[in-house]
Amino acid sequence: MKRVFYLIALAALVSASCSSNKKGENPEEQQMAKASFVNERNIVDTIHLRSTDFNRQVITNGKLRAVAKSVLVFPVSGTLQEIVVRNGQFVAKDGVIARLDPVQAQNKLAQSRQSMERAELSFMNDLIGYGYGRDTSKIPPEIVKVVRLKSGYNDAVFNLKQAQDELEKTVLRAPFAGKVANITAKPYENVSGQFCTLIDDRRFEVMFSLLESEVSYIKVG
């Protein structure tokens, strides 16, 4: 009987303690406890899908290179007489960049002209020997061809043309408009080969590397 009594008394004490704790709670704490049990609102956002283009970036490194760039050389060797432009200067198309001493080329041209005159005289004399005059339009082409070869007329024409070209090549001209760079020679030096670089820096092309899988993403422009 005593054990049963003790258990009933202990249960009554625990019940009284729990009851007293609930009555002593703070109202704010009770309110917070209730708020914690409120269901959370899940907000759902929606958009209308439509078909459109989008940009795709391909990151790469590259260099700019002038579209027109050329290393200029004197086709003939000789003594540099004059440099008309300086490094960094703009020159128009066909503008003069430098000149070689033309005396040797001029002498060769003069000799070629004398040879041409002798060949013309020999050509006319041979035509007379065949019974024709100066008017080659009435002479059979086969006869004219033979007389040209025999008199040395064809060789004289070729040598004269070559001498004229060599004289023109003593003047270095710009094949396109651009800026001059890398001039290292000085006047009165013997020049042969590379003389300067001409760069058209108004237009560039871009050189860069791509992966094979990225090539299809790129197009001109």
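Because the structure is a prediction, the values reported are computed rather than measured.

The rules behind these values
- Residues numbered from 1 in each chain as written.
- Predicted model: local features only at pLDDT ≥ 70, side-chain atom pairs only at ≥ 80, totals over all residues.
- Heavy atoms only, no water.
- Axes fitted to C-alpha atoms, helices over the stretch in contact; angles between N-to-C directions.
- Helix = DSSP H or I, 4+ residues; strand = E, 2+ residues; numbered from the N terminus.
- Parallel < 35°, antiparallel > 145°, perpendicular 65-115°, else oblique.
- Left-handed = near helix turned anticlockwise from the far one by under 90°.
- Contact = heavy atoms within 4.5 Å.
- Nonpolar A, V, L, I, M, F, W, Y, C, P; charged D, E, K, R; others polar.
- Phe/Tyr/Trp six-rings, centres within 6.5 Å; stacked < 30°, edge-to-face > 60°.
- Buried < 20%, exposed > 50% of the residue type's maximum accessible area, 1.4 Å probe, protein only.
- Lys NZ or Arg CZ within 6 Å of the ring centre and 35° of its normal.
- Pairing = 2+ DSSP bridges.
- 1 Å grid on protein atoms, 1.4 Å probe; cavity = no way out; pocket = protein on both sides within 12 Å on 5 of 7 lines; lining within 4 Å.
- Points joined across faces, edges and corners; volume = space filled by probe spheres on them.
- Lys, Arg positive; Asp, Glu negative; His and termini not counted.
- Salt bridge = Lys/Arg side-chain N within 4 Å of Asp/Glu carboxyl O.
- Arc of directions from axis to C-beta.

A. Representation of the packing of helix 3 (residues 103-129) against helix 4 (residues 141-151). Interaxial distance between helix 3 and helix 4 falls to 9 Å at its minimum, and their mutual angle equals 135 degrees. Compared by their axis directions, helix 3 and helix 4 come out oblique. When the axes of helix 3 and helix 4 are compared, the crossing they make is right-handed. In this structure, helix 3 uses Ala 119, Ser 122, Phe 123, Asp 126 and Leu 127 to contact helix 4, whose residues at the interface are Val 144, Val 147, Arg 148, Lys 150 and Ser 151. Here the contact of helix 3 with helix 4 is built from residues that sort into five nonpolar, two polar and three charged.

B. Region of interest: unusual backbone geometry. Residue Asp 94 is not a glycine yet carries a positive backbone phi of 70 degrees. Of note, Tyr 188 is a non-glycine position whose phi angle comes to about 75 degrees, a positive value. By secondary structure assignment, the location of Tyr 188 is in the loop between strand 5 (178-181) and strand 6 (190-208).

C. Focus on the packing of aromatic side chains. Within this structure, the stated rule accounts for two aromatic pairs. A centroid spacing of 5.4 Å and a plane angle of 75 degrees characterise the contact between Phe 74 and Phe 195, whose relative ring orientation is edge-to-face. Linking Phe 74 in strand 1 (residues 62-83) with Phe 195 in strand 6, this pair joins segments that are 121 residues apart in sequence. The pair Phe 74 / Phe 195 is uniform in exposure class, with both members buried. One cation-aromatic arrangement involves Arg 148 over Phe 123; the distance from NZ or CZ to the ring centre is 5.7 Å.

D. Seen up close, the sheet that holds strand 4 (residues 171-173). Across the sheet, six strands lie side by side as 2-5-6-1-3-4; this open sheet has antiparallel pairing. With partners counted over all chains shown, the strands left at the sheet margins are strand 2 (90-91) and strand 4, one partner each. Bridge count between strand 1 and strand 6: 14 bridges; the pairing is antiparallel. The residue bridging Gly 78 from the neighbouring strand is Val 191, located in strand 6.

E. The arrangement of the layout of surface pockets in detail. Roughly 240 Å³ of volume is contained in the largest pocket. Lining the largest pocket are Val 76, Ser 77, Gly 78, Thr 79, Leu 100, Asp 101, Val 103, Gln 104, Ala 105, Lys 108, Glu 166 and Thr 170. Here the residues of the lining of the largest pocket sort into four nonpolar, five polar and three charged.

F. Representation of the side chain of Asp 126 within the structure. Here Asp 126 lies in helix 3. We note that Asp 126 is buried and unpaired, the nearest opposite charge coming from Lys 150 at a distance of 5.0 Å. Those residues in contact with Asp 126 that lie beyond four places of it in its chain are Val 147, Lys 150 and Ser 151.

G. Helix 4, seen in detail. The set of residues buried in helix 4 consists of Val 144, Val 147 and Ser 151. End-on view of helix 4: buried residues confined to an arc of 70 degrees, all on one side of the axis. Turned more than 90 degrees away from the buried face of helix 4 sit Pro 141, Glu 142, Lys 145, Leu 149 and Lys 150, all of them exposed. Along its buried surface, helix 4 packs onto helix 3 and helix 5 (153-168).

H. The pattern of salt bridges, seen in detail. On inspection of all chains with the given rule, the structure shows six salt bridges. Here Arg 65 ties to Glu 205 by a salt bridge, and the two come within 2.4 Å at their closest N and O atoms. Taken together, the positions of Arg 65 in strand 1 and Glu 205 in strand 6 put the pair 140 residues apart, joining distant regions of the chain. A relative accessible area of 31% places Glu 205 in the partly exposed class. We note a salt bridge from Arg 99 to Glu 82, for which the minimum N-O separation is 2.9 Å. Note that Arg 99 is positioned in strand 3 (residues 96-100) and Glu 82 in strand 1, a separation of 17 residues in sequence. Owing to a relative accessible area of 29%, Arg 99 belongs among the partly exposed residues under this scheme. Since its relative accessible area comes to 35%, Glu 82 is described here as partly exposed.

This is a description of form; function is not addressed.
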